[in-house]
Structure formats: structure tokens, C-alpha cells
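Understanding the architecture of this molecule
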Amino acid sequence: MKKVLFILYLVLPAILFSQPSDITPEIRERMASVISHTGKQPVDNFMLYLRHGSEGVTIHESVGTLDYKGDSISPNYQYNVASITKTMVATVILQLKEEGKLALSDPIGNYLSAISYLRFEDLHNFEGNAYAKDITIYHLLRHQSGLGDIFLDTQTRFNISVLFHKKRMYSPKRIMDTFFKYKLHQKTHFKPGEGSYYTDINFLLLGLIIEQVTGGSLPQQIRERILEPLEMEYTYFEYYEPTVPGEGRITAFLNRIQITHKINTSYEWGGGGIVSTVADMGRFIEGLFEGLLLKEPETLEEMINMTPNEPYGHAYGLGIYKFSIGEDIFYGHGGFYGSILLYNPEKKITISANVNQANTPFDVEGILVDLLEITSQSNKDEG
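Think of each chain on its own: its residues are numbered from 1, step by step along the sequence as written. Note on the predicted model: pLDDT of at least 70 is required for a residue's local features to be given, and 80 or more for side-chain atom pairs to be given and counted; whole-chain, interface and lining totals, by contrast, use all residues. Side-chain measures here rest on the full set of heavy atoms in the structure, leaving out hydrogens and waters.

It is worth spelling out the overall build of the protein at this point. Secondary structure elements follow DSSP: runs of H or I of four or more residues count as helices, runs of E of two or more count as strands, with numbering from the N terminus. What the protein contains, in helices and strands, is eleven helices and 13 strands. Working definition: with a 1.4 Å probe on protein chains only, accessible area under 20% of the residue-type maximum means buried, over 50% means exposed, and in between means partly exposed. The proportion of buried residues among the 383 residues of the protein is 57%. Long-range contacts, defined as pairs at least 24 residues apart, comprise 72% of the intrachain contacts of the protein with a sequence gap of at least 6. Accessible surface, the protein: about 15700 Å² in total, of which carbon and sulfur atoms supply 48%. Here, residues are in contact when the closest pair of their heavy atoms is within 4.5 Å. Each accessible area is a Shrake-Rupley result for a 1.4 Å probe, and residues are judged covered by the shown protein chains and nothing else.

The structure is reproduced here in C-alpha cells:
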């Protein structure tokens, strides 16, 4: 997460001016300060949607070029949101809960044991015992299942496989076949509910539960329940539904490796398969917190309750993180390919942003401190 947190410097309370034109040049200057087309970790572009609802301020800007010699981009370019997809999947699960179609306390075996390629009885082995039957939907949402992860626990092996098979299409079955091939079912981290460990496999399983409960595909459910109601016109589930064209498309880099342009990233699926724009994603987080997606306020409160993960040192709720900036609290998620989405309910601040580098080469905390000093001085000048 640290690699994307540099965006947070944009959401400080001191930026809350009544006239966007007053702060746009400084916002753009700060955005441009991270652009570098050279080195091992180039950052070619930066897109931002910043909205402060109570102050009536909206910033929708971009700086940089498509690549080191490309044309300038617009803030409407599409990009891979990566793990921000998890918040969408969690939202659909919570909608199904409100509809009475499932309970978070339900064992996942109620929905998944009949899927043969999951090898359900053998899915979770810890210290010689099988615990798949003890995993609940709640555990998946909070990353408390104890399951291993192909991206974290077998990162080198999986990355080499992807680089040798750049155009390979993944289905949930192929992802789980890889999970068992790497013996991750025997590399669990703890018994269900006795720890917290982030893994995309949790959200692959949640996606399958959505399909089992609704009888529709995960992309279809996200479209019908989130994208269409919120009029997210330039958002789609990549590789699993038709491409929705926009003004252009960002290529994400991992160091100097082009990832999203040259590699089929269909292995992301329920853990990170959405392509969108910063404005569309802003609509999503605002819709979530402003009651357009969840009917009951108590459901949202449960979603953003981090208390059960606090003993494990993690500020993670049900598919969503908590960030503290000074005295202000933001909720949202980051994505591997340089994306972040945040919302402050008290001041109605939305931050949706993306750079095209997964491994950013600059000091997050340093930029944050610098901007704190600048905006503090600006407030004194205004006064």
C-alpha cells in the first residue's frame, strides 16, 4: 500500500479553498513534481479527481504523457484500478446480505463445496488439519481466512510464469489450479478467524459465491448493481466483458516492465479486474458512502468497522481500508498499478487518483510533509 499512498498529500484539510482556480496551479505543480520519464521506475503520468463536497470544490486534472515521448493525456483516460475492485465485490456481497440471500456468518462451503476444481475439503490445511469448513464469508471479507496467495507467497514463481505466457487467459478455475499446483492449500497462515493475511484468493472465492447465489456472472452483477445505477459509463470488467472505449488507456509499469499493455492480467478477476477512470471511481466511492448502493446505514458501519482486525495490526474492514491523515479519517482502497480511492465522510472529500507506476520511486512521507507546510502557510496568507 505504501507505494500508492503518496496521493494522500492531496487530501489535507488545508486544501479546502472555495475557488478551484486558486489551488489548481499548485495541485498541478505538485502532480508534475513526481513525473519522471527516466530511471528504473518511470512515472509518465498522473490523473486526479478531487472533490470536496461541503466546500463545493472539484479538481479533475492530469499531467504527463502516455509514455516518455507520447502525447499529453487527459484526466478521462482509463486505467486498471486493480485491488480497488475488492471494495466493489464486498459491496455486492453486502447488498446480497441486505436482500436476505446470504449471511456473513455463513460457512463458505454452503456455496462452494460443489465446485469440483476448488477441491473444497483440501482447500485449507493448517498444521495437518483441514479447516475449509470453518471459513465464513465474513472471514473472506476481512482477510481472516488464513489462505495463501499466489501473488505474495509464490510471487517469483508466478511472475516468471506470467512473463513466459504473457497472453494466457485465466478463468477462476485456472487461477485455482495454479493455487493447488503451487501447494498453497498447504501453506496457510493460521486457522480461520485467528489472524489477518491479505490474499486475492479470498475475493476470488467471494466472486464465486456471488455467482452461486445470483446465478449470474460476477461482471454482470457488478455492472447491474453498481456501474449502471451510478452511471459509470467508462468502467468495465476487463477480459470478462466487452471493452468500453474511452478517450485513451494508461499503460501501467512495474519498474520498466509494461504490465497492462503487454500482459494478459485476467488473473486479477474478483481481486482486481476492473478498468475505469478517476471520475467514475469517484462516483463509486461517493455512491457507497452517500447511501446509493447500501440501503441500511448499519451495513456501511459494519463495512468500515476495523475493530476485529486491530489486534492483528491491520486497519481493514469488509473489503475496505482506513487511513488516518492528521485528525481526519479516510476510507477506501489502493491498487497495485498505482491507483487509490479514498473518501472522508465527515467533510465529504473524495480522492480518486492514478499514476502509471506500481513501484513509485519517491518518498511518500516527504511529499506529504512538504505539502502540509505549503498549505499551512497558504492558510495563514488567506487569513
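What follows continues from the structure just given.
This next bit is on empty space enclosed by the protein. Where empty space is left becomes clear once a probe the size of a water molecule has been rolled over the atoms. Put plainly, a pocket is an open set of points on a 1 Å grid over the protein atoms alone with protein on both sides within 12 Å along at least five of seven lines, a cavity is a set where a 1.4 Å probe fits but cannot get out, and a lining residue has an atom within 4 Å of a point. Grid points are joined across faces, edges and corners, and a volume is the space filled by probe spheres set on the points. A full pass over the atoms with the stated rule returns three cavities of 30 Å³ or more. Taken as a whole, the largest cavity spans an internal volume of roughly 60 Å³. Top element by residues in the lining of the largest cavity is helix α7 (residues 200–214). It accounts for three residues. Throughout this entry, Asp, Glu, Lys and Arg are counted as charged residues, while Ala, Val, Leu, Ile, Met, Phe, Trp, Tyr, Cys and Pro are counted as nonpolar. The remaining residues, Gly among them, count as polar. Counted by class, the lining of the largest cavity contains seven nonpolar, two polar and two charged residues.

Another aspect to go through is unusual backbone geometry. For Ala 82, which is not glycine, the phi torsion reads 55° and is therefore positive. Assignment of secondary structure puts Ala 82 in the loop between β3 (79–80) and α2 (85–98). Here Arg 119, not a glycine, exhibits a phi torsion of approximately 45°, which is positive. With respect to the secondary-structure elements, Arg 119 resides in the loop between α3 (109–112) and β4 (125–126). By relative accessible area, which is 40% here, Arg 119 ends up partly exposed.

With that out of the way, let us pick up the pairing of strand β1 (residues 45–52). Among the eight residues in β1, seven count as buried, and that is most of the element. The pairing criterion for strands is at least two bridges between them, as found by DSSP. Pairing of β1 with strand β2 (residues 57–64) involves eight bridges; the strand directions are antiparallel. Opposite Met 47, over in β2, you have Ser 62 as the bridge partner. Where β1 and strand β13 (residues 349–355) come together, seven bridges link them in antiparallel fashion. If you follow Leu 50 over to β13, its bridge partner there is Ile 351.

Another aspect to go through is the environment of Glu 268. Relative to the elements of secondary structure, Glu 268 occurs in the loop between β8 (257–258) and β9 (274–276). Of the residues examined, Glu 268 reaches a relative accessible area of 10% and is grouped as buried. With 97 residues separating them along the chain, Glu 268 and Ser 171 place their C-alpha atoms 9.7 Å apart.

Here a pair means two rings of Phe, Tyr or Trp (six-membered ring of Trp) with centres within 6.5 Å. Their orientation is stacked below 30 degrees between planes, edge-to-face above 60, and tilted elsewhere. This structure, assessed with the given rule, holds 15 aromatic pairs. Taking 5.7 Å as the distance between ring centres and 50° as the angle between the ring planes, the aromatic pair formed by Phe 151 and Tyr 267 counts as tilted. Of this pair, Phe 151 sits in the loop between α4 (137–141) and α5 (155–164) while Tyr 267 is found in the loop between β8 and β9, placing the two residues 116 residues apart along the sequence. Seen from their ring centres, Phe 179 and Phe 180 are 5.3 Å apart, and the 90° between their planes marks the pair as edge-to-face. Taken individually, Phe 179 and Phe 180 each receive the classification buried, so the pair is uniform in this respect. Within the aromatic cluster, the residues linked to one another by ring pairs are Phe 151, Phe 158, Tyr 170 and Tyr 267. By definition, being over a ring means that NZ of Lys or CZ of Arg is both within 6 Å of the ring centre and within 35 degrees of the ring normal. The side chain of Arg 119 reaches across the aromatic face of Phe 180, ending 4.0 Å from its centre.

Along α5, the residues classified as buried are Phe 158, Ser 161 and Val 162. Viewed along the axis of α5, the buried residues span an arc of 100°, placing them on a single side of the element. In α5, the exposed positions angled more than 90 degrees off the buried face are occupied by Thr 156 and Phe 164. Summarising the contacts, the buried residues of α5 are in contact with α6 (172–181). By arc we mean the arc of the directions from the helix axis to the C-beta atoms, nothing more.

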